[in-house]
Amino acid sequence: MDFINQMEPWFDAREADAVDAYLRSGGWVTEFRKTRAFEAAIAAYTGAASCSVVSNGTISLTLALLACGVGPGDEVLVPDYTMVATANAVQPTGARVVFVDIDHDTLGMDYDRMVAAVTPRTKAVLLVSINGRAPARLDAIVAFCRGRGIHLVEDAAQSLGSHHGGRHLGTFGDIGSFSFSAPKVITTGQGGALVTDHPKLIEAIGKLRDFGREAPGADHYLTMGWNAKFTDLQAVIGLVQMEKLPWRVERKKAIYARYQQHLQSIPWLDLLPTDLTQTSPWFIDVLVPADRRAALIAHLKAQQIGSRPFYPALHAEPVYNRTTEHYPVAEEIAQRGLWLPSASKLTDEQIDVVCAAVRSFPG
Ligand SMILES: Cc1ncc(COP(=O)(O)O)c(C=O)c1O
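This is a predicted model, so every value here is computed, not measured.

Student: So what exactly am I meant to see when it comes to the pairing of strand β15 (residues 337–340) here?
Tutor: Consecutive residues of a regular strand have side chains that alternate between opposite faces of the sheet. Residue alternation in β15 divides its side chains into two sets, Gly-337 and Trp-339 and Leu-338 and Leu-340, and both sets are buried. Where strand β13 (residues 284–287) meets β15, four bridges bridge the pair, whose relative direction is antiparallel. For Ile-284, the partnering residue across the bridge sits in β15 and is Leu-340. Where strand β14 (residues 308–309) lies against β15, two bridges are found, and the strand directions are antiparallel. Within the sheet, the bridge partner assigned to Pro-309 lies in β15 and is Leu-338.

Structure below.
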């Protein structure tokens, strides 16, 4: 049996043909019409007024914070459980990361703990929707930030195709950010997107990503800016992937439902509450006993099955080294969480093989 990867990108002849046709058409590869078309496709899909694509879903967060005016002396609230990019994106702005514990069911920032962490220096909240699940009390978080004049930037890197109350995640705050890195539901190798309904913010992002230029190609520099641009070559792939997205979103839900059906009766394994009418789970996430997780990973690997432990709680990682701080929910989740094979191309038969292997583990 071939190894079943925990995650893998998925292309076919359509992306190959599109790249071939583009290169033969004499395109300059750098961002141009295909990039604008990809941005329009993302805005239309998410329901946002505008979209700006950038080189990845980390620089996108930094640019979003800078566009909101975040700078030295400010504090940005970040969930303690998230991919490290969320927290690291704050550093280039000169602001300070303030970690906040998460809610056990959605793995998003906990509302009460968020409110308690706010100080007069709080300039922004980086709200992450982990694995396509809207953070608990999202509407209250939005209302609180609006009422306090705190910028809300949504890190929806894992949430393309996921909603809350029928509205796409990433469109609740001032700016929403997505990622197109290789493991995401659709990919352009690397890539990120920012969506917003605010013309001033999209204008600011446009300058920040293009050397601070007044307009593309115009060498008059109005603000500080860098090069975080996308390429038409990536956009050509992205446009084909966008056409596949609706099918993949449904397939991800079906994959999750099948796992759920097979795994829910295992006494030592927990699944998180998941509303498949709104959430398209990017990864299959389960909670297992912390002291048995490494053994389960080895057990699966011996049967040609890939899996991956959840991210660590960030505050205690050497890069942040805030060992006196404690975030009990994030710490527990980080130690118990495991991702099982989750690629859109997984077959039902492969899912059944994975579930049988999990069941055969002496929990
Ligand atoms: C929640 C979250 N934020 C940010 C990122 C960073 O995105 P990128 O890899 O495109 O820089 C990721 C990537 O997995 C992510 O999961």
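Alright, that's what it looks like, and here's the rest.
Student: When you look at the environment of Asn-227 in this model, what are you seeing that I'm missing?
Tutor: Within the element layout of this structure, Asn-227 appears in the loop between β11 (218–221) and α8 (232–263). The class for Asn-227 is partly exposed, based on a relative accessible area of 48%. The sequence separation of Asn-227 and Leu-127 amounts to 100 residues, and the corresponding C-alpha distance is 25 Å. Within the local environment of Asn-227, its side chain forms a polar contact with the backbone nitrogen of Lys-229, the two atoms lying 3.1 Å apart.

Student: When you look at the side chain of Gln-234 in this model, what are you seeing that I'm missing?
Tutor: Structurally, Gln-234 can be placed in helix α8. With near-sequence residues (within four places) excluded, Gln-234 lies in contact with Thr-188, Gln-190 and Gly-191.

Student: Help me out: how do you make sense of the site of the ligand in this one?
Tutor: The local shell around the ligand holds 16 residues, among which Gly-57, Thr-58, Asp-155, Ser-179 and Lys-184 are the closest. Between Asp-155 and the ligand, the recorded distance is 2.6 Å, taken from a side-chain N or O atom to a nitrogen atom. Out of a free accessible area of 390 Å², the ligand has 92% covered by protein chains. Considered class by class, the residues forming the shell around the ligand number five nonpolar, nine polar and two charged.

Student: For this particular structure, what's the right way to read the sheet that holds strand β3 (residues 96–100)?
Tutor: Neighbouring strands of a sheet are bound in pairs by backbone hydrogen bonds; such pairs are parallel or else antiparallel. Read across the sheet, seven strands follow the order β1-β9-β8-β5-β4-β2-β3 without closing on themselves; strand pairing throughout is mixed. Only two strands of the sheet have a single partner each, and these edge strands are β1 (50–54) and β3. When the angles between neighbouring strand axes are averaged without regard to direction, this sheet yields 25 degrees. Relative to strand β8 (residues 175–179), strand β5 (residues 151–155) runs parallel, the two being bridged by three bridges. Opposite Glu-154, over in β8, you have Gly-176 as the bridge partner. Strand contacts of helix α3 (residues 59–67): β1, β2 (75–79), β4 (122–128), β5, β8 and β9 (192–196), with the helix running at about 170 degrees to β8, the strand carrying the most contacts.

Student: Honestly, helix α10 (residues 328–336) in this entry has me stumped. Any pointers?
Tutor: Each full turn of the α-helix corresponds to 3.6 residues, which orients residues three or four apart in the same direction. All of the buried residues in α10 are Val-329, Ala-330, Ile-333, Ala-334 and Arg-336. Its buried side turned inward, α10 meets α5 (111–117), β12 (270–271), β13, α9 (293–302) and β15.

The rules behind each value
The written sequence of each chain sets the order in which its residues are numbered from 1. Confidence filtering applies because this is a predicted model: local features only for residues at pLDDT of at least 70, side-chain atom pairs given and counted only at 80 or more, and all residues used for totals across whole chains, interfaces and linings. Calculated side-chain values reflect all of the structure's heavy atoms, with hydrogen atoms and water omitted. Buried, partly exposed and exposed residues are distinguished by accessible area as a fraction of the type maximum, computed with a 1.4 Å probe on protein chains only: under 20%, between the cut-offs, and over 50%, respectively. Elements are defined by DSSP. Helices are runs of H or I of four residues or more, strands are runs of E of two residues or more, and each kind is numbered from the N terminus. For two strands to pair, DSSP has to find at least two bridges joining them. Polar contact criterion, stated in full: a pair of N or O atoms within 3.5 Å, where within protein one must be able to donate a hydrogen and the other to accept it, and residues adjacent in sequence count only if both atoms are side-chain atoms. Note on contacts: a residue pair qualifies if any of its non-hydrogen atoms lie within 4.5 Å across the two residues. We call a residue near a molecule or strand whenever a single non-hydrogen atom of that residue lies within 4 Å of it. Throughout, the Shrake-Rupley method with a 1.4 Å probe supplies accessible areas, and for residues the shown protein chains are the sole cover considered. Each residue gets one of three labels, nonpolar for Ala, Val, Leu, Ile, Met, Phe, Trp, Tyr, Cys and Pro, charged for Asp, Glu, Lys and Arg, and polar for the others, Gly among them. Only the contacting stretch of a helix is used when fitting its axis, a line to C-alpha atoms as for every element, and angles between N-to-C directions run 0 to 180 degrees.

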